[in-house]
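# Structure at a glance
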Amino acid sequence: MNNFNTARTIDLLGYLPDVLQNTKEMQAIMAAETPEIQALWKACEDVMNDQFIAEATENGVARRERMLGISPFATDTLDDRKFRILSRYNEQLPYTRRSLMQQLATLCGADGYEIQFLTKDFTVKVKVELTAKKQEAAVSEMLERVLPYNMVFTVELLYNQWQAVKAYTWGALASRTWKEIREEVL
């Protein structure tokens, strides 16, 4: 974490000697300049925050997207866009199973995915947890770039199984449809 996350209150009048603090002209000048200095300080904070993806502002994220050739979707939140940038930075070639699983763990969390390698069919099957549903497309894009061209892959959602649902009573689930029980985070 950086030290620029806290908003700073700037009082230019306090920097003047006592003799000048009480004059009307200096009070008016300082009152006019304080918002400009506040805006300058905020811009400096934003530039510093843009150096870190997790702290980046809209401007910093847009800059990185242009550098990486990423086009954001209209429905993307700032966090979704940061996730897509992180997924691009975390790609490492050459492809190995271990590096692929590390990248998936970074994107989806250690327990946020299941992967199956079908070596004889040159196929990789990835199932993404429902909590990472919005990142399903980003995982597909990452696999498209990382996997060798002779490999086929599928990315699906890891739907709720009976083990997760049986902890609830039928009364607690009655307000949901079967599709919601299967496809929504419980």
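Coordinates for the structure precede this section.
These remarks concern the structure in this document. (Residues numbered from 1 in each chain as written. Predicted model: local features only at pLDDT ≥ 70, side-chain atom pairs only at ≥ 80, totals over all residues. Heavy atoms only, no water.)

### Section: the overall build of the protein
To be explicit about the condition: Only DSSP runs of H or I with at least four residues qualify as helices, and only runs of E with at least two residues qualify as strands; both kinds are numbered from the N terminus onward. Think of it in three bands: with a 1.4 Å probe and only protein chains considered, a residue is buried below 20% of the maximum accessible area for its type, exposed above 50%, and partly exposed in between. Computed by Shrake-Rupley with a 1.4 Å probe, the accessible areas treat only the displayed protein chains as cover when residues are assessed.
The helix and strand tally for the protein stands at nine helices and three strands. Start at the N end of the protein and walk to the C end: the helices and strands fall as α-α-α-α-α-β-β-α-β-α-α-α. Counting across all 186 residues of the protein, residues that qualify as buried make up 32%. As displayed, the protein has an accessible area near 12,400 Å², and 56% of this comes from carbon and sulfur atoms.

### A short note on the packing of helix H3 (residues 58–68) against helix H4 (residues 78–89)
To keep it simple, the criterion reads: Lines fitted to the C-alpha atoms define the axes, with helices restricted to the stretch that makes contact. Angles between their N-to-C directions range from 0 to 180 degrees. In these notes the angle categories are as follows: under 35 degrees is roughly parallel, over 145 is roughly antiparallel, 65 to 115 is roughly perpendicular, and the rest is oblique. Left-handed describes a crossing in which the near helix is turned anticlockwise from the far one by less than a right angle; the clockwise case is right-handed. The contact criterion used is simple: two residues touch if any of their non-hydrogen atoms lie within 4.5 Å. Polar here means any residue outside two lists: the nonpolar Ala, Val, Leu, Ile, Met, Phe, Trp, Tyr, Cys and Pro, and the charged Asp, Glu, Lys and Arg; Gly therefore counts as polar.
Viewed as axis vectors pointing N to C, H3 and H4 meet at an angle of 40°, and their least axial separation amounts to 10 Å. With respect to H4, the element H3 is oriented oblique. H3 and H4 meet at a crossing whose hand is left-handed. Contacts between H3 and H4 involve Glu58, Val61, Ala62, Arg64, Glu65, Met67 and Leu68 on the former and, on the latter, Leu78, Arg81, Lys82, Ile85, Arg88 and Tyr89. In the contact of H3 with H4, the residues fall into seven nonpolar, no polar and six charged.

### Section: the pattern of salt bridges
In plain terms, the rule: Salt bridges, as used here, are contacts in which a Lys or Arg side-chain nitrogen is within 4 Å of a carboxyl oxygen on Asp or Glu.
Within this structure, the stated rule accounts for four salt bridges. Measuring nitrogen to oxygen at the nearest pair gives 2.4 Å for the salt bridge that ties arginine 81 to glutamate 58. Taken together, the residues arginine 81 in helix H4 and glutamate 58 in helix H3 connect sequence positions 23 residues apart. Of the residues examined, arginine 81 reaches a relative accessible area of 8% and is grouped as buried. In this structure glutamate 58 comes out as partly exposed when scored by relative accessible area, which is 46%. Linked by salt bridges that have partners in common, Glu58, Glu65 and Arg81 make up one network.

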